[in-house]
Amino acid sequence: MRVSTKELYISRMVKVLNYIQANLDKDLTLSELAEQACFSTYHFHRIFSGMLGESVKELVRRLRLERAAIQLQTGALSILQIALQAGYESDMAFSRVFKARTGLLPSKFRKSTHTKYPCLAKASIRYVTNEYITSFEPFIDKELNMNVMIKQVDDIYVAFVSHTGPYQECGKAWDVLCSTLAPEGLLGGNAKMIGVSFDDPDVIAAEKLRYDACISVTRSFKPIEEVGTKTICAGKYAVITHIGPYGKLSQTYRQFFGQWLSQSDYEPANKPCFEIYLNDPESTDPEDLVTDIYIPLKG
Amino acid sequence: MDKIDLFKLHKADYIASKEPILNEITMANYLVINGIGAPGEASFEDAINALYAMAYTIKMTRKKQNKGDYVICKLEARYFCGSEQCLSEIDKTLWHWQLMIRTPSHVEMTDLKQAAKALFEKGKTPSVNKVMMIEHEFGPCIQMLHIGAYEDEYLSIKQMSAFAVENNLSALGEHCEIHISDPRRIPPERLKTILRMTIV
């Protein structure tokens, strides 16, 4: 069963890869790509970068450069034309990036017949013409050692404060939430500290990231000032414990979506993940922070 | 206003030496809760919950009132026995303990009362009413870092007792643990705990 699920994920991702290759000059949106293979738009990008070891943007940029390399050696287009096709505004900018990758300026590369464009990707996806990818070996960490628990979670009623901006700055929302709830006697006991992140920081600009700082409360709690209430929906969740700095959470997400999930029998549901913080970041060394990550699953 | 971090401000009090050393801890303010029984028993866990609920409620309520902010310090646990020097490893049920969180001295009794009332009304553990604020002076003491399981602490304590004998010091028969690491995360063999033994 496991093998076949992995293959299913691969074959679905292959559709996306071929779509990217066929539309390399288009500005591809993530939802358009997710649609190609019926991935939930919510988590598509994390699955993608986890399985491929690079983001959509990185892959597109790399494929365009590979195409440019082929054009340099086989075609008659000017370097400026090739640069523009590869998505660069000038041949200068293109040359700089190209040299950083290959060690050669495009003009030198063009003249040398034996230099190949280096394929630096973790999963071996290369720019190809007149052929289609039918399968690929997903990028898997040798040390992938994830303890994933599948849990059925009940509705969680929470008081929350929203934050938009870099995740590192969500402390402000926490301050407002905790200082509003403290005089009400709502901290401590079984109150859980929950963070809901709506966006993937690999895709969305830091200043647009949406995040809700939440503390579980009973139904009798009524919104006060900036603090609202809502329900985190019941359902099936995959739970992983992340140990270490909050800054490294996205790494764990990527491993989970790209590697663990693609080898499991599960599909992510189209709703946000949440995190439960088990210790106080103010008085705990970042290396010792414990966070349970809840990832919604279908079914 | 700057956030006060007593643990960092009083680094010297929390020296974590691998060998026993002499130290002197002056008067300081602590939120505390007392009890009797073996560490880890239900009443002990309940006391920890009550102490932390109070600590955070007081801190965040004061913050809301613009009375300044501070970092919640590490949990300290004093163990002593009613009468004799009898902190027996075999029977811990007679241990008296005092769980402590060092707290800035400008925290007031009214802060405690308000917090306990609010928490109790919201159905949190009634033990919040047992949380007090005290001044405590450990005074001269032997201190060392214990790395490893709590069960193996007696080994470090032996070492500290030997140090006391060598230096003609007599221990009061109580010790204090300052929990540097989180037992939920760190495997027992890597747990870091500062041990403190009060001397006369």
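Conventions we followed
- Residues numbered from 1 in each chain as written.
- Chains lettered and ligands numbered in written order.
- Predicted model: local features only at pLDDT ≥ 70, side-chain atom pairs only at ≥ 80, totals over all residues.
- Helix = DSSP H or I, 4+ residues; strand = E, 2+ residues; numbered from the N terminus.
- Rg over C-alpha atoms; globule rule 2.2 N^0.38 Å.
- Buried ≥ 20, exposed ≤ 12 C-beta atoms within 10 Å, placed from the backbone.
- Pairing = 2+ DSSP bridges.
- Axes fitted to C-alpha atoms, helices over the stretch in contact; angles between N-to-C directions.
- UniProt positions renumbered as here; feature names shortened; annotations may be inferred.
- Core = buried A, V, L, I, M, F, W, Y, C linked by C-beta atoms within 7 Å.
- Domains from an automatic or database assignment.
- Contact = placed C-beta atoms within 7 Å.
- Nonpolar A, V, L, I, M, F, W, Y, C, P; charged D, E, K, R; others polar.
- pLDDT = per-residue confidence, 0-100.
- Parallel < 35°, antiparallel > 145°, perpendicular 65-115°, else oblique.

An unreviewed UniProt entry annotates chain A as AraC family transcriptional regulator of Pseudoalteromonas denitrificans DSM 6059.

With that settled, the discussion passes to the overall build of chain B. Scanning chain B from N- to C-terminus turns up four helices and eight strands. In chain B, the succession of α and β elements from N to C terminus is α-β-β-α-β-β-α-β-β-α-β-β. For chain B, whose C-alpha radius of gyration is 17 Å, the value lies close to the compact-globule estimate of 16 Å for 200 residues. Here chain B, with 200 residues, has 34% of them falling under the buried criterion.

Our focus in this paragraph is the sheet that holds strand β6 (residues 235–243) of chain A. Residue and element names in this part refer to chain A. Taken together, the eight strands give an open sheet; going across it, the order is β1-β6-β8-β7-β3-β4-β2-β5, and neighbouring strands pair in antiparallel fashion. Looking at the sheet topology across the chains shown, the edges are occupied by β1 (148–153) and β5 (228–232). On average, each strand axis in the sheet is inclined to that of its neighbour by 35°, with strand direction left out of account.

To continue, consider the UniProt feature "domain: HTH araC/xylS-type" (unreviewed entry) in chain A. When the UniProt feature table is mapped onto this chain numbering, "domain: HTH araC/xylS-type" (unreviewed entry) sits at residues 14–112 of chain A. Secondary structure over residues 14–112 of chain A splits into 70% helix and 0% strand, and the C-alpha atoms at its two ends are 33 Å apart.

We now examine the nonpolar core. In this structure, Leu177(A), Ile215(A), Leu51(B) and Met54(B) are the most contacted members of the largest nonpolar core, which totals 83 residues. With 10 residues, the top contributor of residues to this core is helix α2 (residues 42–64) of chain B. Among the domains, domain 1 (2–111) and domain 2 (148–297) of chain A are the pair contributing at least three residues each to this core. Non-local contacts of Leu51(B), meaning those with residues more than four positions away in its chain, are made with Leu31(B), Ile33(B), Leu99(B), Ile101(B) and Val131(B). If you look at the next biggest cluster of nonpolar residues, it comprises 13 residues, including Phe138(B), Cys141(B), Met160(B) and Ile180(B).

Another aspect to go through is the domain arrangement of chain A. Residue and element names in this part refer to chain A. Each assigned domain of chain A is listed here: domain 1 (2–111) and domain 2 (148–297). Of the residues lining the interface, 16 residues belong to domain 1; the matching set on domain 2 comes to 19 residues. In terms of residue count, the dominant contributor to the side of domain 1 that touches domain 2 is helix α3 (residues 44–52) (six residues). Here the residues of the side of domain 1 that touches domain 2 are counted per class, giving five nonpolar, eight polar and three charged.

All names here are of chain B. In terms of burial, strand β4 (residues 96–102) is a largely internal element, six of the seven residues being buried. The pairing of strand β3 (residues 75–80) with β4 spans six bridges and is antiparallel. If you follow glutamate 76 over to β4, its bridge partner there is methionine 100.

To continue, consider the confidence of the model for chain B. Across chain B, the average pLDDT comes to 90, with 95% of residues at 70 or higher. Overall fold confidence for the complex sits at a pTM of 0.81, while the interface term, ipTM, reaches 0.84.

Residues and elements named next belong to chain B. Taking strand neighbours across the sheet as the criterion, the eight strands line up as β1-β6-β8-β7-β3-β4-β2-β5 in an open arrangement whose pairing is antiparallel. The open sheet has two free edges, formed respectively by β1 (21–25) and β5 (132–136), since each of these has just one partner strand. Sheet twist, expressed as the average angle between the axes of neighbouring strands with direction ignored, equals 35°. Each of β2 (28–36) and β4 touches α2; the most contacted strand, β2, lies at about 155° to it.

Let us look at the interface of chain A and chain B. Listed as interface residues are 20 residues of chain A and, on the opposing side, 23 residues of chain B. Examining the composition of the side of chain A that touches chain B, we find that three residues originate from one element, helix α8 (residues 171–181) of chain A, more than from any other. Looking at the side of chain A that touches chain B residue by residue, the class counts come to eight nonpolar, eight polar and four charged.

What follows deals with the packing of α8(A) against α2(B). Their axes nearest at 8 Å, the elements α8(A) and α2(B) cross at an angle of 105°. Relative to α2(B), the element α8(A) lies roughly perpendicular. Contacts between α8(A) and α2(B) pair Cys178(A), Ser179(A) and Thr180(A) from the former with Met60(B), Lys63(B) and Lys64(B) from the latter. By residue class, the composition of the contact of α8(A) with α2(B) is two nonpolar, two polar and two charged.

What follows is about the environment of Val203(A). All names here are of chain A. On the secondary structure map, valine 203 appears in the loop between β3 (193–197) and β4 (210–216). Given 16 C-beta atoms within 10 Å, valine 203 falls into the partly exposed group. As a C-alpha pair, valine 203 and histidine 114 span 89 residues in sequence and 37 Å in three-dimensional space. Beyond its immediate chain neighbours, meaning those up to four positions away, valine 203 contacts Leu30 and His45.

So, about the pairing of strand β8 (residues 290–297) of chain A. All names here are of chain A. Bridge analysis of β6 against β8 gives eight bridges, and the strand direction is antiparallel. Bridged to lysine 236 within β8 is leucine 297. Pairing of strand β7 (residues 273–277) with β8, which is carried by four bridges, proceeds in the antiparallel orientation. Across the sheet, phenylalanine 274 pairs through a bridge with tyrosine 294, a residue of β8.

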